[in-house]
Amino acid sequence: MLHPKYRWDPLPADEEAARLLADRLNLSPLVASLLVTRGMAKPEEAELFLKGTAADQHDPMLLSGMKEAVPRIRRAVENGERILVYGDYDADGVSSTTLMICLMRKLGATYEYYIPHRTKEGYGLHIPVLEQARQKGVTLVVTVDTGISAVEQIAYAREEGMDVIVTDHHEPPAVLPEAYALINPKLPFCPYPFKGLAGVGVAFKLAKALLGDDTPECWTELVALGTIADLMPLVGENRMLVRAGLVAMSRSAFPGMTALLGTAGWSKGEVTSTAVAFGLAPRINASGRMSHADRAVALLTAENADEAETIAEELDVLNKERQMLVESMVQEALLQLEEQTGDAGLPNIIVVAGEGWNAGVVGIVASKLLERYFRPTIVLGINPETGECKGSARSIPGFDIYEALTDCADLLDHFGGHPSAAGMSLGRGNLAEFSRRLNAFAAGKLRPEHFVPVITTDLECSLKEITLSSIEELESLAPFGMANTCPRLLIRGVKLVECRQMGKDGKHLKLVVGQNGVTVEAVAFGKGELAPLLAEEAVLDMVCEAGINEWNGSRKPQLMIQDLAVSHLQVFDYRGSRNPAMQLEQLKSTLVHLPAYERDIPAVIAAGSGPQLLQLGDLKDTSVWVYDKDDGVLPGNALAESVGASRVTTLFVLELPDASEGWSRMMAAFVSLERIYLLHPQRSPQERIETPSRDHFKQVYGLLLRLGGAALREEEIVAALLKRTGWSRRMLELTLGVFEELGFISRASGSIAVNPSPSKRPLETSSRYREFGLLAEMEQMLLHARVPEITKWMLTRIKGAS
């Protein structure tokens, strides 16, 4: 077996609604079904989703604060006032700042921009910056992707004679700043119909309000970048804007965008949301995390290709440095968490902090810890000189981390964010109480089911349905991202044809799977560790996304596996190893470090006095069992006695029992087995037995009669029979034992006498005959059969026993 990482939650299917939608809009059944499961059963909703354009967007003047902001900016431009664009250092903030710079240039405004340093200053407006701006003659501040919580800072600006227009999309606090205008669709009094805009989306709406139809279409590139990077829902207006932006990116008006795409591996053709999320966004973010976000703004505002390419290469180097730093911090955080928890288990909310940890990457580290443990996670970097802790939080579905931080607001110097992600700063002395209070708050909110990650599947299908045409139909639902994920397909009962690890350090998994004559390649990124846990021709269930693999002019379907499971007992073949004890240690050292194996309980089984058991040495961490003719298996060490056979999930077989009954009883004892590793030695040809037939017995009995009825020495008879039959000694001994039980021969004092007129008794009445057949079957399977045949044989016997 192999347990899935997630709980699979299929969306409810409505075949009738899908049929009606397909007929009404002339859609394929596959696309219609997906639209219905995603809540778009009404034709007008589905059509807007599939074909919505800029003309279908909402009037920007519906945003509260827009009626005040537009004339104020126009007045500032007309009067030559100095305007400060105040942004943020993440990809959404950089995109928003760049878009506002483009707007100021187009309006002919006198302006400058400012983005705080991530680690030296932190998020949000800062009074010293506003003070400097006032000294330079700034009279209007326009914030982008920030400002909704800046009560004190905006009050200071007002006192100094500066008007502040806030454009933001973060969760508004209970007390709002008294700005000249607040533009945020999430404000409780804002009537704007779509609440999911990114910071750059709000900035774009301000540009639309000012420019109307003269707003350049290429600015949607910036909207696409910031919206995807900030994990905003790709539905409604975001979908329309991002789709337009991705189209524009392929012929970008921004030299910096083209240069950055080049460093991320793009050369030509369509730009996808995946390319933005995993290619552009990390490199833009690396600027603010590892240096200063000004370099990313310089890239996106660059006006010539040479300058853009130089900066793009800088950001690419910074991103590689960021990756190495993150990995180092993750390892430190794991060690710290292990020391914190000990045997107590994980807390509801993970809080780790380290001196010198780069505050620019703590959010990424938090995401990686959340992915590993599926707990809300906060990671903080501690300034060893000031004791200030700056951190980022990432949360799980069903737990509002912003609400949790609000409950601890008295301990924090600053905080802000969303239900799923947030940032904060606090003094080192408050860390312990902060962790305690967070977990006390979470205790009343989180239940065991919250800690089981869930993956939603859109529909169930077979490999036969994964064709190039069906995949192309699914792509009509793109761009994919938050709230509009790439369709997740549930495919059950596929056979593993090939399995290998690929990538650096075997990090990824490449499979070939088959079903009813159809084979498809599948890739599981980041799941290379599962390779040792997938047996030959295992039957898999998979949750995957479908794509098209294009290589050297060839196009074929390819599956991207999100999760997989094996629901049957798996068998792994290491038979005939020259050193089974060494092989066992190698397997254990490999498996014990796999997260998918961490809850397993391993055991070793061998003959009680067998040579294999004597070679094992110290096995204090593994339960040892020995075959027993009466009880099936008996504990071979103290751990086996304490654990018991019923809890064992992984069994290493070092030797086979002498009788088939021993194997059956052993399997009956280990009722929780998920995988069996066969490490037993092969028998020599002199010991091989075959399944006996009537002709075998007739042949041997005939030879015995011809050798004479008088008692003969057994060794002489066996030697003669070995020569004439070509059988192994062991098989002959078993055959003679059957004859003896049936009364065909008698044995005494090393001699054999043949009964010339035995009573007629069917072979089946002999218990030795029945055991002979079962033993031959067992050894034929476990010594000579292929793994798929062994697996099928074991599963059949388990099913029969149950």
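Everything quoted here is computed from the prediction, not taken from an experiment.

Scoring rules and cut-offs
- Residues numbered from 1 in each chain as written.
- Predicted model: local features only at pLDDT ≥ 70, side-chain atom pairs only at ≥ 80, totals over all residues.
- Heavy atoms only, no water.
- Helix = DSSP H or I, 4+ residues; strand = E, 2+ residues; numbered from the N terminus.
- Rg over C-alpha atoms; globule rule 2.2 N^0.38 Å.
- Buried < 20%, exposed > 50% of the residue type's maximum accessible area, 1.4 Å probe, protein only.
- Contact = heavy atoms within 4.5 Å.
- Areas by Shrake-Rupley, 256 points an atom, 1.4 Å probe, with all protein chains shown as cover.
- Lys, Arg positive; Asp, Glu negative; His and termini not counted.
- Charge placed at Lys NZ, Arg CZ, Asp CG, Glu CD.
- Domains from an automatic or database assignment.
- UniProt positions renumbered as here; feature names shortened; annotations may be inferred.
- Polar contact = N/O pair within 3.5 Å; in protein donor to acceptor, adjacent residues only side chain to side chain.
- Pairing = 2+ DSSP bridges.
- Right-handed = clockwise from strand over helix to strand, strands pointing away.
- Phe/Tyr/Trp six-rings, centres within 6.5 Å; stacked < 30°, edge-to-face > 60°.
- Axes fitted to C-alpha atoms, helices over the stretch in contact; angles between N-to-C directions.
- Expected span 1.5 Å × (residues − 1).
- Core = buried A, V, L, I, M, F, W, Y, C linked by side-chain atoms within 4.5 Å.
- Arc of directions from axis to C-beta.

Moving on to the overall build of the protein chain. Looking only at helices and strands, the protein chain features 27 helices and 27 strands. The C-alpha atoms of the protein chain give 35 Å as radius of gyration, which overshoots the globular expectation for 802 residues (28 Å, by more than 25%). Out of the 802 residues in the protein chain, the part that is buried amounts to 53%. Residue pairs at least 24 apart in sequence account for 68% of intrachain contacts in the protein chain once pairs closer than 6 positions are excluded. Carbon and sulfur atoms form 50% of the exposed surface of the protein chain, whose accessible area is close to 36,100 Å². Of the charged side chains in the protein chain, 81 are positive and 103 negative; the average position of the first set lies 6 Å away from that of the second.

Here the protein chain is partitioned into domain 1 (7–39 + 455–566), domain 2 (59–316), domain 3 (349–445), domain 4 (570–682 + 785–801) and domain 5 (686–765). If you average the C-alpha positions of domain 2 and of domain 5, the two centres end up 93 Å apart.

Once that is clear, we can look at the UniProt feature "domain: RecJ OB" (unreviewed entry) in the protein chain. Listed under "domain: RecJ OB" (unreviewed entry) in the UniProt record, and renumbered for this structure, are residues 457–563. Helix makes up 7% of residues 457–563 and strand makes up 51%, while its end C-alpha atoms are separated by 11 Å.

Another aspect to go through is the environment of R747. Relative to the helices and strands, R747 resides in strand β26 (residues 745–748). Assessed through its relative accessible area of 25%, R747 is described here as partly exposed. R747 sits 270 residues away from L477 along the chain, and the two C-alpha atoms are 82 Å apart. Apart from the residues lying within four places of it in its own chain, the contact partners of R747 are E714, E733, L736, G737, E740 and I752. Looking at R747, its side chain comes within polar contact range of the side chain of E714, at 2.9 Å. One polar contact links R747 to E740, side chain to side chain, over a distance of 3.2 Å.

Our focus in this paragraph is the pairing of strand β2 (residues 82–86). β2 sits mainly inside the fold: 4 of its 5 residues count as buried. For β2 and strand β3 (residues 110–114), the ladder comprises 5 bridges, and the chain directions are parallel. In the strand pairing of β3, R82 is matched with T110. Between the parallel elements β2 and β3, the chain passes through helix α5 (residues 91–107) in a crossover that is right-handed. Of the pairings in the sheet, the one linking β2 to strand β4 (residues 138–144) comprises 5 bridges and is parallel in character. Bridge assignment links L84 to a residue of β4, and that residue is V141.

Another point: the packing of aromatic side chains. Taken as a whole, this structure holds 13 aromatic pairs when the rule is applied. Consider the rings of Y402 and F415, whose centres lie 5.6 Å apart with planes at 45°: the pair is tilted. Highlighted residues: Y402 in helix α16 (residues 401–407) and F415 in strand β10 (residues 414–417), separated in sequence by 13 residues. For Y402, a relative accessible area of 12% puts it in the buried group. Ring geometry for W625 and F670: centres 5.6 Å apart, planes at 90°, overall edge-to-face.

Taken together, 5 strands build an open sheet; the order of strands is β3-β2-β4-β5-β6 and the sheet is parallel. The two strands at the open ends of the sheet, each matched to only one other strand, are β3 and β6 (181–183). The sheet shows a mean angle of 15° between the axes of neighbouring strands, direction not considered. Sheet strands in contact with helix α4 (residues 66–78) are β2, β4, β5 (163–167) and β6, and its direction is about 135° off that of β4. Across the sheet, α5 lies against β2, β3 and β4, angled at about 170° from β3, the strand it touches most.

At the junction of A478 and P479, the peptide bond is cis and its omega measures out at 5° in the coordinates. Mapped onto the secondary structure, P479 falls in the loop between α18 (468–474) and β14 (489–502). Despite not being glycine, E537 has its phi angle at roughly 60°, a positive value. As for its placement among the helices and strands, E537 is situated in the loop between β16 (518–524) and β17 (539–551). Given a relative accessible area of 29%, E537 falls into the partly exposed group. Unusually for a residue other than glycine, N552 sits at a positive phi of about 55°. Within the fold, N552 resides in the loop between β17 and β18 (554–566). According to the relative accessible area criterion, N552 is exposed, its value standing at 69%.

A word on helix α8 (residues 199–211). Taking 1.5 Å of rise per residue, 13 residues should cover 18 Å, and α8 covers 18 Å from first to last C-alpha, within 8% of that figure. Most of α8 is tucked away: 12 of the 13 residues are buried. Inspection of α8 places G199, V200, G201, V202, A203, F204, K205, L206, A207, A209, L210 and L211 among the buried residues, and these make up the whole buried set. With its phi angle positive at about 60°, G212 sits one or two positions after the end of α8.

Within the largest apolar cluster, 92 residues are counted, with the highest numbers of intra-cluster contacts made by L99, M100, L206, W219, M249 and I284. Sequence-distant contacts of L206, that is, excluding residues within four places in its chain, are made with M66, A69, V70, I73, M100, V142, T167 and I183. With 61 residues, the next largest nonpolar core counts L21, L50, F572 and F652 among its residues.

Let's shift gears to helix α22 (residues 660–669). Counting along an α-helix, one turn takes 3.6 residues, and residues three or four places apart therefore face a common direction. Those residues of α22 lying buried are S660, G662, W663, M666 and M667. All buried residues of α22 lie within an arc of 160° about the axis, which places them on one face of the element.

Turning next to the side chain of R575. Its place among the elements puts R575 in the loop between β19 (570–573) and α19 (580–591). The class of R575 is buried, set by a relative accessible area of 15%. Within the structure, R575 has its side chain in polar contact with the backbone oxygen of A785 (distance 2.8 Å). Dropping the residues within four chain positions of it, R575 is found in contact with L678, H680, Q682, M781, L782, L783, H784, A785 and I790.

UniProt feature "domain: DDH" (unreviewed entry): in the numbering of this structure it lies at residues 82–227. From the first C-alpha to the last, residues 82–227 spans 29 Å; its make-up is 38% helix and 17% strand.

Now for the side chain of R675. Mapping R675 onto the fold places it in strand β24 (residues 675–678). In this structure the side chain of R675 is engaged in a polar contact, spanning 3.2 Å, whose partner is the side chain of T650. Every residue in contact with R675, bar those within four places of it in the chain, is listed here: M1, L2, L533, L569, Q570, F572, Y597, D600, T649, T650 and L651.

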